[in-house]
Amino acid sequence: MAYTPSQPRLGRFIPGFAAGAKKPAAVAEPSGAKRVQFAPSLIPYLFLAPQLAVIFIFFYWPSVQAVQSSFYIEDPFGFGATFVGFSNYSDAIFSPEYLSIAKFTVVFTVLVTFFSLALGLLLAVKADAVIRGSSTYKTLLISVYAIAPPVAGLIGMMFFDLHIGPFVKVAAWFGWNMQVGLDYYDTAFAMIVVAVWKQIPYNFIFFLSGLQGVPVSVREAATIDCRSGFRRFWTVTLPLLAPTAFFLLIINITYALFDTFGVIDVMVKDKPANNPITLVYKVFMDGFRGNDIGGSSAQSVILMIVVFVLTIIQFRFIEKRIHYT
């Protein structure tokens, strides 16, 4: 029997389903039908094994070792260890030097995160509006991301060099005797500038992708409803970028806390001791240069707790305001 549009194809196979009839809520399986079952296999676990091994060896095991070492004063050559309880934690928390470094870390993280996100979003908005030469414009902005953090720190030191640095000469025109590596605040300013410069391309890539994903119909409707470009961006475009912005907020905080180590190391290494450093760099200084294994382990555990608390705050309070649809 030939198929005609007046006779639905489905009615040929399901009894009681004729043209114009409503689709049944559920079709009972024929008696004696067998469900497809797959035999247990080790192949998925074998595929996951290399990644799980890397995570365990390079993340979980060092974390367990750090927690264990934080309760001991250990010989740097591994000849012995003395249990001291929470002394390493109390020495770190109640140390004026540690508290000063913690305050600078907070300020450094906030400023680097804010300016990296703000400038990345600004450049993405401008790049999205460029019609001619957009490929060249975007490539020049993204190219900085290919530079490794130590190289970025080295380039930053060249720009802020006391003798040949162009930024130092520009600051001198305004009466600012910039002494990066000698003055605490000048070094902090240079560190923030270089860290922001290094992170802007990463934010630019994601913000530009988010802007290009905004439907044209939404933009046209916003243009008709509101003439102010800033108001259109604030009320229409920015809420649509909220998921991207939330993701970048977490990434930038992590970057400012940990990934700026290479920049800081290049800019303060072999310099006087009155230069600003972050908590991550202090862990390195105490552990690898001061041979205080227990103290540096306690500081790393404190950092892990801080990151854990920040993660809970971000996902518990900030993500509630993010709409993904």
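First, a word on what this report is: a plain description of the structure on this page. (Residues numbered from 1 in each chain as written. Predicted model: local features only at pLDDT ≥ 70, side-chain atom pairs only at ≥ 80, totals over all residues. Heavy atoms only, no water.)

**Section: the environment of Asn-275**
The residue Asn-275 is located in the loop between helix H11 (261-268) and helix H12 (279-289) in this model. Owing to a relative accessible area of 9%, Asn-275 belongs among the buried residues under this scheme. With 95 residues separating them along the chain, Asn-275 and Val-180 place their C-alpha atoms 9.0 Å apart. Residues contacting Asn-275, with those up to four places away along its chain left out, are Gly-181, Leu-182, Asp-183, Tyr-184, Thr-187 and Val-268. There is a polar contact of 3.1 Å between the side chain of Asn-275 and the backbone oxygen of Gly-181. For Asn-275, the side chain forms a polar contact with the side chain of Thr-187, separated by 3.0 Å. (Helix = DSSP H or I, 4+ residues; strand = E, 2+ residues; numbered from the N terminus. Buried < 20%, exposed > 50% of the residue type's maximum accessible area, 1.4 Å probe, protein only. Contact = heavy atoms within 4.5 Å. Polar contact = N/O pair within 3.5 Å; in protein donor to acceptor, adjacent residues only side chain to side chain.)

**Quick word on the packing of aromatic side chains**
One pass over the full model with this rule turns up 19 aromatic pairs. Consider the rings of Phe-104 and Tyr-184, whose centres lie 6.2 Å apart with planes at 70°: the pair is edge-to-face. Residue Phe-104 is found in helix H3 (residues 96-129), and its partner Tyr-184 is found in helix H7 (residues 184-212); the two are separated by 80 residues along the sequence. Take Phe-104: its relative accessible area is 8%, and that puts it in the buried class. Overall, the relative accessible area of 27% leaves Tyr-184 in the partly exposed class. With 5.6 Å between their ring centres and 45° between their planes, Tyr-281 and Phe-284 make a pair best called tilted. Note that Tyr-281 and Phe-284 are positioned in helix H12 at a spacing of three residues, about one turn of the helix. What makes Tyr-281 buried here is its relative accessible area of 2%. Site record: aromatic cluster; members linked through ring pairs are Phe-159, Phe-160, Phe-167, Trp-176 and Phe-189. (Phe/Tyr/Trp six-rings, centres within 6.5 Å; stacked < 30°, edge-to-face > 60°.)

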